[in-house]
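Structure assessment
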Amino acid sequence: MIALVDCNNFYVSCERVFQPQLETQPVVVLSNNDGCLISRSDEAKALGFAMGEPYHLARPRLQQHGVRVFSSNYALYGDMSRRVLRVLSDFTPEVDVYSIDEAFLNLDGLQYCAGAGLDAYAQAIRRTVLAHVGIPTAVGVAPTKTLAKLANRLARRQPPAQRVLVLATEEQRWAALSQTPIADVWGIGRRYAPKLEAAGIRTAADLVGAPESWVRRHLGGVVGVRLWQELRGQPCLDFDPAELAAEPGQPAPGRHSVTCTRSFGQPQRSLVALSEAVATFTSQAAEKLRRHGLAAHVLTVLLGTDKHAPGSGPPTHTAVVALPTATSDTGELIGVALQRLRQLARPGTAYHRAGVTLSGLEPAGQAQLSMFGHSAEQLQQRQQLMARLDALNARFGRGTVRHAATGLGDTAWRGRRNMMSALYTTDWQELWAVRS
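Computed from a predicted structure; not experimentally measured.

So, how was this worked out
Residues numbered from 1 in each chain as written. Predicted model: local features only at pLDDT ≥ 70, side-chain atom pairs only at ≥ 80, totals over all residues. Heavy atoms only, no water. Pairing = 2+ DSSP bridges. Helix = DSSP H or I, 4+ residues; strand = E, 2+ residues; numbered from the N terminus. Axes fitted to C-alpha atoms, helices over the stretch in contact; angles between N-to-C directions. pLDDT = per-residue confidence, 0-100. Contact = heavy atoms within 4.5 Å. Buried < 20%, exposed > 50% of the residue type's maximum accessible area, 1.4 Å probe, protein only. Salt bridge = Lys/Arg side-chain N within 4 Å of Asp/Glu carboxyl O. Left-handed = near helix turned anticlockwise from the far one by under 90°. Nonpolar A, V, L, I, M, F, W, Y, C, P; charged D, E, K, R; others polar. Patch = residues over 30% accessible without salt bridge, like charges linked within 9 Å, V, L, I, M, F, W, Y side chains within 5 Å. Areas by Shrake-Rupley, 256 points an atom, 1.4 Å probe, with all protein chains shown as cover. 1 Å grid on protein atoms, 1.4 Å probe; cavity = no way out; pocket = protein on both sides within 12 Å on 5 of 7 lines; lining within 4 Å. Points joined across faces, edges and corners; volume = space filled by probe spheres on them.

It is worth spelling out the sheet that holds strand β3 (residues 37-40) at this point. Within the open sheet, the three strands sit side by side as β3-β2-β4. Their pairing is mixed. With one partner strand each, in any of the chains shown, β3 and β4 (68-70) form the two edges of the open sheet. The average angle at which neighbouring strand axes cross in this sheet is 25 degrees, direction not considered. Bridge analysis of strand β2 (residues 27-30) against β4 gives three bridges, and the strand direction is parallel. Looking at the pairing, V29 lines up with F70 of β4.

Turning our eyes to something else, we now look at the confidence of the model for the chain. Residues at a pLDDT of 70 or more form 90% of the chain, whose mean pLDDT is 85. Between residues 243-251, whose pLDDT stays under 50, and residues either more than four places distant or in other chains, the model counts 25 contacts.

Assignment of secondary structure puts S13 in helix α1 (residues 10-18). The class of S13 is buried, set by a relative accessible area of 7%. Those residues in contact with S13 that lie beyond four places of it in its chain are N8, I135 and P136.

Attention now moves to the pattern of salt bridges. Per the counting criterion, the structure on display carries 14 salt bridges. Where D42 meets R163, a salt bridge forms, and the shortest distance between an N and an O atom there is 3.4 Å. With a gap of 121 residues between them, D42 in helix α2 (residues 42-46) and R163 in the loop between α6 (145-155) and β8 (164-166) connect regions that are remote in the sequence. Several salt bridges converge on common partners, so that one network encompasses D79, R82 and R83.

As a further point, take the pairing of strand β6 (residues 102-106). Burial runs high along β6: five of the five residues are buried. Of the two faces of β6, both are covered, the one formed by E102, F104 and N106 as well as the one formed by A103 and L105. Summarising the sheet, strand β1 (residues 2-7) and β6 pair through five bridges and their orientation is antiparallel. Bridge pairing in β6 links L4 to F104. One ladder, built from four bridges, connects strand β5 (residues 95-99) with β6; its direction is antiparallel. Considered in β6, the bridge of V97 is made with A103.

Moving on to α1. Most of α1 is tucked away: nine of the nine residues are buried. Three or more residues of α1 are buried, namely F10, Y11, V12, S13, C14, E15, R16, V17 and F18.

Moving on, we come to the environment of L118. In this fold, L118 is placed in helix α5 (residues 118-132). Sequence separation between L118 and M1 is 117 residues; the distance between their C-alpha atoms is 8.9 Å.

Time to look at the packing of helix α13 (residues 271-291) against helix α14 (residues 330-344). Contact geometry of α13 with α14 gives a least axis separation of 9 Å together with a crossing angle of 145 degrees. Helix-helix and strand crossings are classified by hand; for α13 and α14 the assignment is right-handed. Here L271, L274, S275, V278, A279, T282, S283, A286 and R290 of α13 lie close against α14, whose contacting residues are T330, L333, I334, A337, L338, L341 and R342. When grouped by side-chain class, the residues that make up the contact of α13 with α14 number ten nonpolar, four polar and two charged.

The next thing to look at is unusual backbone geometry. Backbone geometry places N9, a non-glycine residue, at a positive phi of 45 degrees. When you line up the elements, N9 lands in the loop between β1 and α1. Classification of N9 by relative accessible area gives buried; the value is 18%. Phi angles above zero are rare outside glycine, and R163 is one such case at about 50 degrees.

A surface patch of nonpolar side chains, about 470 Å² in accessible area, is lined by L392, F396, V401, W428 and L431. Mapped onto the secondary structure, L431 falls in the segment after α15 (376-396). Using a relative accessible area of 42% as the deciding quantity, one classes L431 as partly exposed.

With that settled, the discussion passes to α6. Burial runs high along α6: ten of the eleven residues are buried. Looking only at α6, the buried set comprises K145, T146, L147, A148, K149, L150, A151, N152, L154 and A155.

In this structure, the second largest pocket spans a volume of roughly 720 Å³. Along its surface, the second largest pocket is lined by 27 residues, and D6, N9, K45, D101 and R156 are the ones closest to its centre. Within the residue set of the lining of the second largest pocket, elements represented by two or more residues are β1, α1, β3, α2 and α6. The leading source of residues in the lining of the second largest pocket is α6, at five residues. Its residues placed into classes, the lining of the second largest pocket shows ten nonpolar, six polar and eleven charged.

What follows is the structure in structure tokens.
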């Protein structure tokens, strides 16, 4: 059996952990640059605020209803996600991370640990995550990933104190399939839902009842048949716990690239500002490479203009460079990125976003030495320098020690974060203060 554990309104829940007075208040969290609503409390949903609604349009209604608004605090959310995953790993050795707020758990043979079957084990997972991290969750348990996703969706409709649904029997599975509109099935999407509804397939149960030959012909061939089999209780999707299993500094199998891209607080024309932004994004991507024990062969610099501006041409421009030797050295990568930026940037053009992607990844320490590059001794010294840089930033907070190319202070290119909460768990200067 497989469980899908989903954190309820995750970004909002993270804010509430450190501000418990928000527990019954309507709360929303905004995207990068305070652009749109990306997380809403149940109270905010009840007021009619939609996912992805632009903040500048929703602001009058948010103020009218007294909704608390927060800028996204990804350092906090990422750390809280890691804490949740550590708790989940205590319940099973196999945790397949699906997103920052969702994970699949392999529960085969583990239901007896709770003493009263799968439902009790799932409730124990919810209670433990809530007690240890403060994040409420919903748990769906079923024989396949697709059914577990479906069970989780139905579990979220239950009262907050419950939110567990186990589909262990044929009767339980059929009841859940009958309650689920075809558009809500994981993997159907907007493209296929109208076509299936027009063909009389309105629920997941209708799809399960269709012949395999019909599914193969109307639902994307082999991919559609796999989804159909998953709904029938036959596992077809791989279970891959590799990402969680990788400890810091160890290779993370399955990762193909590392990307860091952001929108600017206001359009930028200055090459100095663009250079600081690209250097900052490169530094963050390189740090992530080292955390996963990887090195990159290819670096891509991205610049984006206003996609809504008339006659502005393609909104995204990129420059790609193949590195002579795979590396995760921040200094080397910044040097290459800035060189490509100077070739890519057009004078006088207003850029709204920038980013860096590192790809062609391989385990660090396996790169073939270049005849004209650093010697083995120099490489070792650079690796030690990066390790000490990471150790200092891990101890005293991200960005405490950084390359000068990233800039010396908060500048206009940084995205708007006017309502961001404190870095309660990742910055010594902003730890949660408890007063008695």
